[in-house]
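Reading the structure
Each chain is listed here by its residues.
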Amino acid sequence: MANHFSKNSINVVFLFLTTFSSLHFLSVHSFEFQVGGIHGWVVPAANDSKNYNDWASENRFQVGDTIRFKYKKDSVMEVTNEDYKRCNSTHPNFFSNTGDSVFRLDHSGAFYFISGVSGHCEKGQRMIIKVMFYDDSSPEDHGHKSSAASPAAVLALRVSKLAIVQFVLLSSLASYLY
């Protein structure tokens, strides 16, 4: 009897270790996005003033992601919505002119970026990044609009994966114990 109990105990421990070590697929991984792709952070062509906002709308940003700006003889600023609309570079929340700037998206909602070089923002070197919401309250409660991706759908997928793992774990545990 002791030998049977020992085998079941080892199997249960192995099952728990295997299951919990495989839960990494449920965790949120952060990504780094290269702003502007191979062209980097440059003044867009005259007929392409929505270049950066089009790029941003094609991506899904999450809290913890970073965006990298690569540029020459320029700068990048994170500003308020009002300063974005007016291309006002006098009071940035973030400023960098290193040529290789990384900005961490540390909360959900909108981030507004402009070039700090005179005239560049007016020519379209500006961008709005929308970081997806994951809380239960409405995005409008925070004064922001959510991105086109459905955070509820992303969360439902993660929850369903967790439910599958729990079902497999409980089924396996029951078969070992009974």
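The following paragraphs examine the structure supplied in this document. All chains use their own residue numbering, which begins from 1 and follows the written sequence. Residue-level local features of this predicted model are given only where pLDDT is at least 70; pairs of side-chain atoms are given and counted only at 80 or more, and the full residue set underlies all totals for whole chains, interfaces and linings. Note: side-chain values were computed over all heavy atoms of the structure, leaving out hydrogens and water.

**Side note on the sheet that holds strand 3 (residues 76–79)**
Basically, it comes down to this: The pairing criterion is simple: DSSP has to find at least two bridges between the two strands. What counts as a helix is a DSSP run of H or I of at least four residues, what counts as a strand is a run of E of at least two, and both are numbered from the N terminus. Angles here are taken between N-to-C directions and fall from 0 to 180 degrees, while the axes themselves are lines fitted to C-alpha atoms, restricted in helices to the stretch in contact.
Sheet architecture is open: four strands sit in the order 4-3-6-7, paired in antiparallel fashion. A strand with exactly one partner marks an edge of an open sheet, and here the two such strands are strand 4 (94–96) and strand 7 (126–131). Taken over all neighbouring pairs, the strand axes of this sheet differ in orientation by 20° on average, direction set aside. Bridge count between strand 3 and strand 4: three bridges; the pairing is antiparallel. Residue pairing across strands places valine 76 opposite serine 96, the latter belonging to strand 4.

**With respect to the pairing of strand 7**
Note the threshold: Classification of residues uses two cut-offs on accessible area relative to the type maximum, computed with a 1.4 Å probe and protein chains only: under 20% is buried, over 50% is exposed, and between them is partly exposed.
Only one face of strand 7 is buried: it carries Met127, Ile129 and Val131, and the other face, with Arg126, Ile128 and Lys130, is open. Pairing analysis gives six bridges linking strand 6 (residues 109–114) to strand 7, with the strands arranged antiparallel. Bridge pairing in strand 7 places isoleucine 114 opposite arginine 126.

**Things to note about the state of the cysteines**
To keep things clear, this is the line we draw: When the sulfur atoms of two cysteines come within 2.5 Å, that pair is taken as a disulfide.
According to the stated counting rule, one finds one disulfide in the structure shown. Between the sulfur of cysteine 87 and that of cysteine 121 lies a disulfide, 2.1 Å long from S to S. Across the S-S bond of cysteine 87 and cysteine 121 the torsion is about -70°, and the bridge reads as left-handed. With a gap of 34 residues between them, cysteine 87 in the loop between helix 3 (81–86) and strand 4 and cysteine 121 in the loop between strand 6 and strand 7 connect regions that are remote in the sequence. Cysteine 121 gets classed as buried once you look at its relative accessible area, which sits at 3%.

**Digging into the nonpolar core**
Stated formally: For this analysis, a nonpolar core means a set of buried residues of the types Ala, Val, Leu, Ile, Met, Phe, Trp, Tyr and Cys, connected via side-chain atoms within 4.5 Å. Contact definition: two residues touch when any of their heavy atoms are within 4.5 Å.
Phe61, Ile67, Phe69, Phe113, Met127 and Ile129 are the most contacted members of the largest nonpolar core, which totals 18 residues. At the level of elements, helix 2 (51–57), strand 2 (66–70), strand 6 and strand 7 are the ones that each hand at least two residues to this core. Apart from the residues lying within four places of it in its own chain, the contact partners of isoleucine 67 are Phe33, Val35, Phe61, Ser101, Val102, Phe103, Leu105, Phe113, Met127 and Ile129. Membership of the second largest hydrophobic core comes to eight residues, among which are Met77, Cys87, Ala110 and Ile114.

**Looking at the sheet that holds strand 1 (residues 32–34)**
Backbone-to-backbone hydrogen bonds join strands into a sheet, with any given pair of strands oriented parallel or antiparallel. With respect to topology, three strands assemble into an open sheet ordered 1-2-5, the strand pairing being mixed. Unpaired on one side and paired on the other, strand 1 and strand 5 (100–104) mark the two borders of the sheet. Averaged over neighbouring strand pairs, the angle between their axes works out to 25° when direction is ignored. Here three bridges tie strand 1 to strand 2, and the two strands are oriented parallel to one another. Residue pairing in the sheet places glutamate 32 in a bridge with threonine 66 of strand 2.

**Points about the side chain of serine 75**
Rules: Polar contacts, as counted here, are pairs of nitrogen or oxygen atoms within 3.5 Å of one another; within protein the pair requires one atom able to donate a hydrogen and one able to accept it, and residues that are adjacent in sequence qualify only if both atoms are side-chain atoms.
Structurally, serine 75 is set in the loop between strand 2 and strand 3. There is a polar contact of 3.1 Å between the side chain of serine 75 and the backbone nitrogen of glycine 116. Among all residues touching serine 75, those that are not within four sequence positions of it are Trp41, Phe95, Ser96, Asn97, Ile114, Ser115, Gly116 and Val117.

**Comments concerning the packing of aromatic side chains**
Applicable threshold: Stacked, edge-to-face and tilted are the three classes for Phe, Tyr and Trp ring pairs, Trp counted by its six-membered ring, which pair at centre distances within 6.5 Å; planes under 30 degrees apart are stacked, over 60 edge-to-face, the rest tilted.
Scanning the entire structure with this criterion turns up ten aromatic pairs. For the ring pair phenylalanine 33 and tryptophan 55, a centre distance of 6.5 Å and an interplane angle of 80° mean the geometry is edge-to-face. Taken together, the residues span a long stretch of sequence, with phenylalanine 33 in strand 1 and tryptophan 55 in helix 2 at a distance of 22 residues. Tryptophan 55 sits in the buried class, given a relative accessible area of 17%. When the ring of tryptophan 41 is compared with that of tyrosine 52, the centres are 4.8 Å apart and the planes differ by 55°; the resulting orientation is tilted.

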